[in-house]
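Observations on the three-dimensional arrangement
Chain by chain, the residues run as shown.
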Amino acid sequence: MTETASRRTLHITTWGCQMNVYDSGRMADVLRPLGYQQVATQDADMVILNTCHIRERASEKLFSELGRLRALKESRGGAMMIAVAGCVAQAEGAEILARAPHVDLVVGSQAYHRLPELIAEIEQKRRAVIDTDFPAAQKFDLLPEDQASQGPIAFLAIQEGCDKFCTFCVVPYTRGAEASRPAAAILAEARRLVAGGAREIALLGQNVNAWHGEAPDGSTWPLARLLAELADIDGLARLRYTTSHPRDMDAALIAAHRDNPKLMPFLHLPVQSGSDAVLARMNRRHGADLFRRIAGELRAARPDIALSSDFIVGFPGETDADFAATMRLVRETGFALAYSFKYSRRPGTPAADAADQIDEAVKDARLQELQAVLRDQQHEFNRAQVGRSFEVLFTGSGRHPGQSAGRSPYLQPVVVDDADIAPGTLRTVKIVQSNPNSLMASLTQEQIAA
Ligand code: 5AD
Ligand code: SF4
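Let me sum up the structure you'll find in this document.

1. What about the site of ligand 2?
- Around ligand 2, the neighbouring residues are Cys162, Lys164, Phe165, Cys166, Phe168, Cys169, Val171, Pro172, Asn207, His245 and Arg284.
- Looking at the shell around ligand 2, its residues break down into seven nonpolar, two polar and two charged.

2. Structural notes on the state of the cysteines
- Taken as a whole and assessed by the stated rule, the structure comprises zero disulfides.
- Its sulfur unpaired, Cys17 is 6.3 Å from the next cysteine sulfur, which belongs to Cys52.

3. Description of the sheet that holds strand E5 (residues 105-107)
- Taken in spatial order, the six strands make up an open sheet running E2-E1-E3-E4-E5-E6, and their pairing is parallel. At either margin of the open sheet sits one strand with a lone partner, and together these are strand E2 (36-38) and strand E6 (129-131). Sheet twist, expressed as the average angle between the axes of neighbouring strands with direction ignored, equals 20 degrees.
- Sheet analysis places E5 next to E6, joined by three bridges and oriented parallel. Among the inter-strand pairings, Val106 is bridged to a residue of E6, identified as Ile130.
- Against the sheet, helix H2 (residues 58-75) contacts strand E3 (46-51) and strand E4 (81-85), and its axis sits at roughly 175 degrees relative to E3.
- Across the sheet, helix H4 (residues 115-125) is in contact with strand E1 (8-14), E2, E3, E4, E5 and E6; its angle to E5 comes to roughly 160 degrees.

4. Quick word on the site of ligand 1
- The immediate surroundings of ligand 1 are formed by Ile54, Arg55, Phe168, Gln272, Asp310, Ile312, Phe341, Lys342, Tyr343, Ser344 and Arg346.
- In this structure, an oxygen atom belonging to ligand 1 sits 2.7 Å away from a side-chain N or O atom of Arg55.
- Residue Gln272 places a side-chain N or O atom 2.6 Å away from an oxygen atom belonging to ligand 1.
- Protein chains shield 87% of the accessible area of ligand 1, which is 410 Å² for the free molecule.
- At the level of secondary structure, the elements contributing two or more residues to the shell around ligand 1 comprise strand E15 (306-313) and strand E16 (337-342).
- Tallied by class, the residues present in the shell around ligand 1 amount to five nonpolar, two polar and four charged.

Cut-offs used in this document
- Residues numbered from 1 in each chain as written.
- Chains lettered and ligands numbered in written order.
- Predicted model: local features only at pLDDT ≥ 70, side-chain atom pairs only at ≥ 80, totals over all residues.
- Heavy atoms only, no water.
- Near = heavy atom within 4 Å.
- Nonpolar A, V, L, I, M, F, W, Y, C, P; charged D, E, K, R; others polar.
- Disulfide = S-S within 2.5 Å.
- Pairing = 2+ DSSP bridges.
- Helix = DSSP H or I, 4+ residues; strand = E, 2+ residues; numbered from the N terminus.
- Axes fitted to C-alpha atoms, helices over the stretch in contact; angles between N-to-C directions.
- Contact = heavy atoms within 4.5 Å.
- Polar contact = N/O pair within 3.5 Å; in protein donor to acceptor, adjacent residues only side chain to side chain.
- Areas by Shrake-Rupley, 256 points an atom, 1.4 Å probe, with all protein chains shown as cover.

So far we have only geometry, and geometry alone does not tell us how the molecule works.
Written out as structure tokens, the structure is:
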């Protein structure tokens, strides 16, 4: 324990993707040696807002939260540090300080390892600091090795940034060029996570299957090889990776779904649209048929695999026929889970300037139609699990007394009426009931055929 005199308090609010959740954890890891402990906002000496810029209203959400924090800071006579991190910080750096002068620090997603210096600079010079540079080095490898336990299910960032430049997307601008961490650093972090109690690791990256990291012998490994090496770690039971691009689903990675028993039979593979014309204007650099082919090959490799995806409706110029092509692809493929969004104009991205923007009402109608089908597919997928047996990774207690809860191979929450299952335990269960967003199960002694 650190001295109580040096005890400082911290609250991190996180918006957006899993990568931001991971980054927030790592920021807490960077600040812990300085004595920062995590508390609720109203008790915090320092509040970090880790922001997301992917869709609209990100800045409004940020400035409304900053308004609330200003009142809190004033009520303490200014004795509170406010930091804005993440993708809005990266994109709008100076503007944030101009609009919200009570902000002390704007820190882009590549500079989290520098938080201690930045805080010292603010304290010494008593002025706001902004750091939104993209250093050449990999930020993840500059962060401390010491991590707080994430529990039985842990996330591990292996890649960041994106070179694909889809015409709707801010990520290549906010997270920079695609960069893969070296394999040795990833394997070492994975071993530490397992030593700290992780049984399942989800590899993270904006374009995770584009990972091509330096191997210990100096050669370059593809993701399939990294997954094979990770699977050799004793005590690690499950592996996942997210988020992927169809163009990077190479043959070796598809084969890994057949050959790597620790790789879970569930893949998030965003397709965005079923129309070739829209996909071309999105600069996805593939057609709907590539997605169909990959789905087929994945199912041949791993017959019990389930797919999840992302969709955008109302992309500029999307016609009724284009939207019908998306609906056709969804009906043909069948998704266990999917996220769908109305196209949102992101300043600075090519599609934001397209002349043929779609009416909000049309976007709304298309989103509702798509989501109705996707919801039915999700419920149908959950219903189809009733009677099946599989392993569940237990993570804690259920919502009601006397229950334990965990995750299925397909990431569904699973609940059993048994309070004695320790987090981190894998147990075979039989699914007895499906709810729209979770499954009820009973424990079985049954052995599952491999
Ligand atoms: N408008 C709507 N949805 C978007 N996404 C990314 N950018 C936009 C945008 N400008 C969605 C994509 C992506 C997911 C993370 O967010 O579907 O896969
Ligand atoms: Fe954005 Fe993904 Fe396209 Fe990269 S591949 S630009 S992260 S949508």
